[in-house]
Each structure stands twice: as C-alpha cells, then as structure tokens.
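Close look at the chain arrangement
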Amino acid sequence: MNCGTIQSRAHCSCYTAPSQFHLKTQTMASASTPTYNSNNLENNSSKNASRESLRMEPLADVPQLPGEERITDKDIIYICPFNGAVKGKVSITNYRLFFKSFEVDPAMTLDVPLGVISRIEKMGGASSRGENSYGLDITCKDMRNLRFALKQEGHSRRDIFELLFRYAFPLSHSLQLFVFLSQEKFSENGWNVYNAILEYQRQGLPNNKWRITFVNKQYELCDTYPTILMVPFKATDEDLRKVSAFRSRNRIPVVSWIHPVNQAVIMRCSQPLVGMSGKRNKDDERYLDTIREANGQTAKLTIYDARPNVNAVANKATGGGYEGEDAYQNAELVFLDIHNIHVMRESLKKLKDIVYPQVEETHWLSSLESTHWLEHIKLVLAGAIQVADKLSAGNSVVVHCSDGWDRTAQLTSLSMLMLDSYYRTMTGFQVLVQKEWISFGHKFSSRIGHGDKNHADADRSPIFVQFIDCVWQMTKQFPTAFEFNELFLMTILDNLYSCRFGTFLYNCESVRDNMEVKEKTVSLWSMINSENRKYINPFYTKESSRVLYPVASMRHLELWVSYYIRWNPRIRQQQQNPVEQRYMEMLALRDQYLKKLEELQISDAPRIANNSNSPASPMQLVHHVQTPL
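Remember, predicted model here, so these are calculated numbers, not experimental data.

Reading guide: rules and limits
Residues numbered from 1 in each chain as written. Predicted model: local features only at pLDDT ≥ 70, side-chain atom pairs only at ≥ 80, totals over all residues. Heavy atoms only, no water. Helix = DSSP H or I, 4+ residues; strand = E, 2+ residues; numbered from the N terminus. Buried < 20%, exposed > 50% of the residue type's maximum accessible area, 1.4 Å probe, protein only. Contact = heavy atoms within 4.5 Å. Areas by Shrake-Rupley, 256 points an atom, 1.4 Å probe, with all protein chains shown as cover. Pairing = 2+ DSSP bridges. Axes fitted to C-alpha atoms, helices over the stretch in contact; angles between N-to-C directions. Salt bridge = Lys/Arg side-chain N within 4 Å of Asp/Glu carboxyl O. Core = buried A, V, L, I, M, F, W, Y, C linked by side-chain atoms within 4.5 Å. Parallel < 35°, antiparallel > 145°, perpendicular 65-115°, else oblique. Nonpolar A, V, L, I, M, F, W, Y, C, P; charged D, E, K, R; others polar. Expected span 1.5 Å × (residues − 1). Polar contact = N/O pair within 3.5 Å; in protein donor to acceptor, adjacent residues only side chain to side chain. 1 Å grid on protein atoms, 1.4 Å probe; cavity = no way out; pocket = protein on both sides within 12 Å on 5 of 7 lines; lining within 4 Å. Points joined across faces, edges and corners; volume = space filled by probe spheres on them. pLDDT = per-residue confidence, 0-100.

Time to look at the overall build of the protein. Assigned secondary structure in the protein consists of 20 helices and 14 strands. Looking at the protein as a whole, 55% of its 629 residues qualify as buried. In the protein, of all internal contacts separated by at least 6 residues, the share reaching a separation of at least 24 is 70%. Taken as a whole, the protein presents about 27,300 Å² of accessible surface, with 49% of it coming from carbon and sulfur.

Most of strand E6 (residues 135–140) is tucked away, with five of its six residues classed as buried. Strand direction decides the pairing type here: strand E5 (residues 117–123) and E6, joined by six bridges, are antiparallel. By the bridge assignment for E6, Met 123 is matched with Gly 135. Both E6 and strand E7 (residues 145–149) contribute to a ladder of five bridges, which runs antiparallel.

Let us now look at the sheet that holds strand E3 (residues 96–101). Read across the open sheet, the seven strands follow the order E4-E3-E2-E1-E7-E6-E5; overall the sheet is antiparallel. Two strands lie at the open edges of the sheet, namely strand E4 (109–113) and E5, each paired on one side alone. Between one strand axis and the next, the sheet turns by 30 degrees as a mean value, whatever way the strands run. Sheet topology places E3 next to E4; five bridges connect them, and they run antiparallel.

Note that Leu 177 resides in the loop between helix H2 (158–168) and helix H3 (196–202). Assessed through its relative accessible area of 3%, Leu 177 is described here as buried. Discounting chain neighbours no more than four positions away, the residues touching Leu 177 are Pro 170, Leu 171, His 450, Gly 451, Cys 499 and Leu 505.

Attention now goes to the pattern of salt bridges. Enumeration over the complete set of coordinates arrives at 35 salt bridges. Across the pair Arg 292 and Asp 289 runs a salt bridge, and its minimum N-O distance is 3.0 Å. Here Asp 289 and Arg 292 lie together in helix H5 (residues 282–294), a separation of three residues that amounts to about one turn. The pair Arg 292 / Asp 289 is uniform in exposure class, with both members buried. Salt-bridge contacts for Asp 459 lead to Arg 447; the nearest nitrogen and oxygen are separated by 3.8 Å.

If you trace the backbone, Thr 475 turns up in helix H13 (residues 463–477). The exposure class of Thr 475 is buried, given its relative accessible area of 18%. If we ignore the near neighbours within four places in the chain, the residues touching Thr 475 are Phe 482 and Phe 484.

Among the nonpolar cores identified, the biggest contains 155 residues, and Phe 429, Phe 464 and Tyr 564 are the most heavily contacted of them. Looking at this core element by element, the count peaks at eleven residues for helix H9 (residues 373–392).

Take the packing of H13 against helix H14 (residues 486–497) next. Packing of H13 against H14 leaves a shortest axis separation of 10 Å and a crossing angle of 175 degrees. In terms of orientation, H13 lies roughly antiparallel with respect to H14. The segment H13 lies against H14, with Phe 464, Val 465, Ile 468, Val 471 and Trp 472 engaging Glu 486, Leu 489, Ile 492, Leu 493, Leu 496 and Tyr 497. Its residues assigned to classes, the contact of H13 with H14 comprises ten nonpolar, no polar and one charged.

This part is about the packing of H9 against H13. Interhelical geometry of H9 versus H13 gives an angle of 75 degrees and a closest axis separation of 10 Å. One finds that H9 runs roughly perpendicular with respect to H13. Each of Trp 373, Leu 374, His 376, Ile 377, Val 380 and Leu 381 in H9 lies in contact with H13, whose residues at this interface are Gln 466, Asp 469, Cys 470, Gln 473 and Met 474. When its residues are assigned to classes, the contact of H9 with H13 shows seven nonpolar, three polar and one charged.

We now examine H5. Every α-helical turn comprises 3.6 residues, leaving residues that sit three or four positions apart pointing alike. Taking 1.5 Å of rise per residue, the 13 residues of H5 would be expected to cover 18 Å, and the 18 Å separating its terminal C-alpha atoms lies within 8% of that figure. Within H5 the residues assigned to the buried category are Asp 284, Glu 285, Tyr 287, Leu 288, Asp 289, Thr 290, Ile 291, Arg 292 and Ala 294. Where H5 is buried, its residues touch strand E8 (210–213), strand E9 (229–232), helix H4 (237–244), strand E11 (265–268) and strand E12 (301–305). Between the side-chain oxygen at the start of H5 and the backbone nitrogen of Asp 283 there is a gap of 3.0 Å, and the oxygen is on Asn 281.

Size it by volume and the second largest pocket reaches roughly 780 Å³. Lining the second largest pocket are 31 residues, with Ser 118, Thr 139, Cys 140, Lys 349 and Lys 352 sitting closest to its centre. Looking at the lining of the second largest pocket, the elements that each hand over two or more residues are strand E1 (70–80), E5, E6, E7, helix H7 (341–355) and helix H12 (444–448). A total of five residues in the lining of the second largest pocket trace back to one element, the largest contributor, which is H7. Tallied by class, residues from the lining of the second largest pocket come to 15 nonpolar, five polar and eleven charged.

Moving on, we get to unusual backbone geometry. Here the amide bond leading from Leu 205 into Pro 206 is cis, since omega sits at 0 degrees, within 30 degrees of zero. The omega torsion across Tyr 356 and Pro 357 is 0 degrees, close enough to zero to call that bond cis. Looking at the element boundaries, Pro 357 is found in the loop between H7 and helix H8 (364–371). The phi torsion at Asn 250 lies on the positive side, around 65 degrees, for a residue other than glycine. Relative to the helices and strands, Asn 250 resides in the loop between H4 and strand E10 (254–258).

Here we take up the confidence of the model for the protein. Low-confidence regions, as indicated by low pLDDT, have predicted coordinates that should not be scrutinised in detail. The predicted model of the protein averages 87 in pLDDT, with 84% of residues at 70 or higher. With pLDDT under 50 throughout, residues 618–629 is counted as low confidence; its partners more than four residues away or in other chains account for 20 contacts.

Put into structure tokens, the structure is as follows:
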C-alpha cells in the first residue's frame, strides 16, 4: 500500500482515498533502467560503500519517470505515526524518495517527490538511547512529516543524509531542478494554453477606451510584469513611465478583466509610494482619473486595499502607503483587512499541528478556530465578493496590497472566477492561473522555496494554497458550476511543490524567459490536458452569464479535509458520492456501447448499402445495437 496510492486498505498505515490523490500511474511513466552517476558522490570510504550498494540489481518496483535516475538505496526503519516502526528499503532518485516495507503484506509504500521536502534534520546522536532514536526527521510542505530510524553504529545515516539533502535542495548545491532533467512527453503542449492577446480579445479588448501597450516588451518598465499590458487608451507610454515611478516595484494599474456588458474594469497594481511625508504625484492621480472616466458609469473609482488599515499606515514608514482622499478626490478607498504573508504562514503551521500526525479531536472546533485558517479564507472570499459586486453594479475598481503579487492576485482571480464562467472551465481556469498568478509575478520561487534549503526564509507563505482552498470552497457551494473536480485542484497543489513541471518555477516572467522555461521544461497543463477526463466534474452545467456569490460565512466554510488531513488513515475517509460514482460508471458503459456501435456501423455499412438505393444514415444503423441506455 502507498501513502499516495493504495493497493489495499488492509493494515494500511497511511491510506489516502483514490479520489483524493492522483494515482501512481498518473505520476510515473514506465521507466528505463535506472542509472547511477558516480560523480555525485565524494571520494571517501563511506561514499565508496554507497557506490557498492548501487551495484545491486535494479529495483523493478521503484517508479521512475523518464529522465529520473536512482542515486542510492538503503535498508531503513520508517517510524509510521499511526502504526509504529516498519522495516523496509528507501530509494532516493534525483526526483523522489521511495520507501517500501519488507514485512507488511500488502507492502506499505511512501512515494514523496523531493520538491515536497522543506527540512531535513538528524534525529538523535551516536550515544542516543532508546529504540529507533537515531535517524532522520523530514518536514514536508504538504502537511506531513516523515521519520526514519537507522542503526547507530558506523555513522550509518551520514551518506543518506548528505545525498538526500543534496538532491532535495539542488539549487543550494549548484545542481539543476529535476524538471530540467525530465524527459517526459505528453500529447498536449500546456505552454499553448495561455496567450495574452487572445485572452484580451476574448474579453473584447482592445477597444476605443483601452489599448495594448508594449512599453514593457523588454521588462524595462517593470521587471515583474508581463510584456503585454492593457491600459487606458488616453494614457501615453510616457504617462505610464511617470506613473511607474510612484508605484511600488513600478507595478502600475493595468486591466485584469472587463465586464462584457457594463464595461467596468478590474485594475491591479501595487501601493503608491506616499511615505511618511504624504507625497503626491499628479501623474498617478491623473492616471486613476483616466481609469474612472473610461467607464462613464463610474462616478467614483473604488480602490480596494487588501491590507488592514493599520498595516497600510505602517507601510508609510517604509516609503509605501495608500491613496489619501485629499489627493484622489474622485476615488473611495476600502480596506479589506486581509493579513500579510507572515500571518498566513503561521496560521497554516498551526493547522498542521492540529491535523498531523494526530487530529486534535477532544477540542476540535476550538483548536480549528485557534488556527484562524478559515477566518483568513473568509476574509479573502469576502473581499473578492465585494470586488465582483462592485463590477456587477457597473463601477470600475483598482485592487492592490503592498507589492501587488500576493493578496492582489487572490482578489482579482477569485472575483474574475465569480464574474466570468469561462474561468470555471478546465481551460479557463488554467488561463486564469497563468494570467493573474504566473504572468503577473506572484513570487512562486520565494513563497514555495523550490530546491532551496532555507526552510526558515521569511518569504515562504501558502498564498497560492489559500487561493486554491478558496476555489474549493466555491466548488462546494456551487457543485454544478465548475467543469473541473477536486482531483484537479489537488493535482495542481501537489505539483506546486514537486519540481516535475516548469509551470510554477521562479518569481516572474522575465526570469522564466531568461531561464528558457518554456523551451526546456514541460508544463503541468500538458499532463492534465493529455488525460483531462479524470479531472472532469460529471455534474458540470454550462452557464454563460451567471455570477457566483459564495457565502463567506464561518457557518458555510469547511476545512478541506481530503487535502489537509489526507495522510491520516484514522480520519473517516470521505466516500465518493454514490450518485457521482454511478454517473461515472454509466459514462464508461456508454463509451463501451458507442464503440460497439461504431464497429457494427463499419461492418454493416456494405450490407445495408447493397440493400438500399440510398446511403445508410447513422440512425438507420443504430437499431442493430441493443443497449440498456
């Protein structure tokens, strides 16, 4: 059995329901024979011993992707937090840690992409007393920890610790991320999913009020923005340069989305550089007024500042701030009270403490409340609802936080998801993520820490995880409104960390272009779109103009148990909806009969044609097949 993929529930220590985690067949390809590069080890006696161990026969049951190479394997004891010590063998490749038990039948397995690992620590010392007190403690980014014990004699953990540390944090050791070594191929090219100009054209842009500018084509205006920007028609490129000098990180207000009927727009940007002295900038003030005037219905431009008021005031001390009423007389400012990345990081840590390894059942509701995680989800959703409601009423809005790449991305993308049904399709959601998160510079590298050993980096924060959680909350409240299912969202989050795909690498487009990510890596959407049927919501009903307003109330929000607590087998597993399960069975049966029908059409066509003066229609052929459908 497997922590992510289980052959049997019997004696399972780390069971995850198949509907809650991608199957092993989805995360591996039938691999070529593992290879070993001796240059990866330093020349000393202990490393030579590791080399000898690698000359053992290939491990046929260790999954490998094309381009994945086995580095080492070692007998070890896995300290399962649910079933205790389990003896087995751990294999380390340049992509994953794979453990398989010796004595448990069926075998217990762990399959952990190295990118998921946040921290590796040595547990105990040579003189430690107590059974299984000497080994490795591994902290993961996906709400679980792993603990392994080894024999104390002969520094038995030194080799595996150094190798695991080296390959789990390749960028800290001048190595490449696995994605640049991968040789996976898919039938679809996910890099073709998003084209900025085509997406603007889908929205009806440009028009006589809004234009495309290429002022940032070499990233000279703003190095964290994309090259193609949508701005007011009346604003010249020189105006944009002047405005950029007054916005943090030069992130000027640009269009994210336009309402197809009332032509109100969502603009995104960063905070103005007001500072303690209350500086003003006439170009910035005039630019925001131009945005307001572009939609004749907007009497006052609403500026949504995602931060709590006190935080926005405090940012003045570091040169930032907010739009004051005196300077921006045709605008109203609304603070949304969403806390910063540090608060969100600590909140998720508290959530992990109460769900792993054991769920705090005695005082579950009070423990969950003390994490404030659902409270933060509520505030993000409530803010997005305000944005969507204002747009629906015909008023244009500007959204920003401090730098405009964390809370801003949450608010714009969620409000667009509420307003535009296209983004609720599988392709549309991919476009939304590519546009509002990836191209507009959410700092994935800093927030996730791909390949970086500095687990205590203050820039780490689960902002994107929080966004996906908000999307999941919406799918629960509107189960027929989204084309994709829960597995789709979980697959995105699992590959946020895995370093198997290039989709979430680096902090902005300029760095991705420099690293040739599109040319040298595979997109996550390539895999998803090559096997998209497993990600389809069978209850999806297409609606072209419906606006979704989720209830952002603690009474209606739920903890995403099948994601946050999926590693705990003692939590009652959520069974698949029997109606959904039957629906999927009927779809499979329908496909079988359609295939049978096609075969009979081909075989019967000549005979029917000989007995008739006119060609047979498909309906004439249908009666040859009797089906229960």
